Amino acid sequence: MAESKLPALFPVDGGVIEVAMSSYGIRRCHYRPSGGRPSQLAPDPASAEGWRARFGARHPGLSRALAAGSVLLLVIGVGLNLLQLAEPVSQIPPAMQRVGTFESPIHLPIWLNIALGGGAVLASMERALRLRYSSLLDAAGR
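Since this is a predicted model, take the numbers as computed values, not measurements.

### Focus on the overall build of the protein
Here's step 1: Within the protein, the regular secondary structure consists of five helices and four strands.
Here's step 2: For the protein, the succession of helices and strands along the chain, N to C, is β-β-β-β-α-α-α-α-α.
Here's step 3: When the 142 residues of the protein are sorted by exposure, 27% land in the buried category.
Here's step 4: Sequence separation of at least 24 residues holds for 36% of the intrachain contacts in the protein that already meet a minimum separation of 6.
Here's step 5: Working note: accessible area of the protein is about 9400 Å², and carbon and sulfur atoms make up 65% of it.
Here's step 6: Taking the 14 positively charged and 9 negatively charged side chains of the protein as two groups, their mean positions are separated by 5 Å.

### Focus: the sheet that holds strand β3 (residues 26-33)
Here's step 1: Reading across the sheet, the four strands line up as β1-β2-β3-β4 and stay open at both edges, with antiparallel pairing between neighbours. With one partner strand each, in any of the chains shown, β1 (8-12) and β4 (39-40) form the two edges of the open sheet.
Here's step 2: Relative to β4, β3 runs antiparallel, the two sharing two bridges. If you follow Y31 over to β4, its bridge partner there is S39.

### Observations regarding the pattern of salt bridges
Pairing is possible between side chains of opposite charge, provided their charged atoms come close.
Here's step 1: A complete count under the given rule lists three salt bridges for this structure.
Here's step 2: Here E126 ties to R52 by a salt bridge, and the two come within 2.6 Å at their closest N and O atoms. Of this pair, E126 sits in helix α4 (residues 110-129) while R52 sits in helix α1 (residues 48-58), and the two are 74 residues apart along the sequence. Taken individually, E126 and R52 each receive the classification buried, so the pair is uniform in this respect.
Here's step 3: With a shortest N-O distance of 3.0 Å, E126 and R130 are connected by a salt bridge. Across the pair, R130 and E126 agree in class, each one buried.
Here's step 4: Beyond isolated ion pairs, a larger network of salt bridges with shared partners links R52, E126 and R130.

### Here we look at the packing of helix α2 (residues 60-90) against α4
Here's step 1: Contact geometry of α2 with α4 gives a least axis separation of 8 Å together with a crossing angle of 140°. Accordingly, the angle class assigned to the pair α2 and α4 is oblique. Seen from above, α2 lies across α4 with left-handed handedness. On the side of α2, the interface is formed by L66, A67, S70, V71, L73, L74, G77, L80, N81 and Q84, while α4 contributes N113, L116, G117, G119, A120, A123, S124, E126 and R127.
Here's step 2: Residue classes in the contact of α2 with α4 are distributed as nine nonpolar, eight polar and two charged.

### Examining α4
Here's step 1: Relative to the 28 Å expected for 20 residues at 1.5 Å per residue, α4 spans 29 Å between its end C-alpha atoms, a close match to the ideal helical length.
Here's step 2: Restricting attention to buried positions, one finds in α4 the residues N113, L116, G119, A120, A123, S124, E126, R127 and A128.

### Observations concerning a nonpolar patch on the surface
Here's step 1: A contiguous nonpolar patch, built from L82, L85, V89 and I92 and spanning about 360 Å² of accessible area, is present on the exposed surface.
Here's step 2: Checked against the element boundaries, L82 lands in helix α2.
Here's step 3: Looking at L82, the relative accessible area reads 53%, which means it is exposed.

Criteria and cut-off values
Residues numbered from 1 in each chain as written. Predicted model: local features only at pLDDT ≥ 70, side-chain atom pairs only at ≥ 80, totals over all residues. Heavy atoms only, no water. Helix = DSSP H or I, 4+ residues; strand = E, 2+ residues; numbered from the N terminus. Buried < 20%, exposed > 50% of the residue type's maximum accessible area, 1.4 Å probe, protein only. Contact = heavy atoms within 4.5 Å. Areas by Shrake-Rupley, 256 points an atom, 1.4 Å probe, with all protein chains shown as cover. Lys, Arg positive; Asp, Glu negative; His and termini not counted. Charge placed at Lys NZ, Arg CZ, Asp CG, Glu CD. Pairing = 2+ DSSP bridges. Salt bridge = Lys/Arg side-chain N within 4 Å of Asp/Glu carboxyl O. Axes fitted to C-alpha atoms, helices over the stretch in contact; angles between N-to-C directions. Parallel < 35°, antiparallel > 145°, perpendicular 65-115°, else oblique. Left-handed = near helix turned anticlockwise from the far one by under 90°. Nonpolar A, V, L, I, M, F, W, Y, C, P; charged D, E, K, R; others polar. Expected span 1.5 Å × (residues − 1). Patch = residues over 30% accessible without salt bridge, like charges linked within 9 Å, V, L, I, M, F, W, Y side chains within 5 Å.

Here is the structure:
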């Protein structure tokens, strides 16, 4: 066993193991052989990632629907919140002078904005459990 600050590279026979974390879980856990293509390592069956992998194997249709829902929730939640955030940011004098003002066509109630933010967090956690990470989707969901 070895310990290190993350992101980390652990030398092993024939290559290295690369590990990196995101805010919601594992971003990368791959074995990279010397001179070969990296391959993702299987999660520990006792971990949350292992539970999610077993769920995906037992219920592939439901797993795909959950995965598609998490991506959809991230895209919608982040998109709507960015549209609404652009309006107050455009009111800042330096931004107003450079790009003018922007009036958002969407004004959601606070409870819906909070729900969308919470949904984005849950969707990012689900993607982390599936060992999927996209800097565009998952970093924006924070």
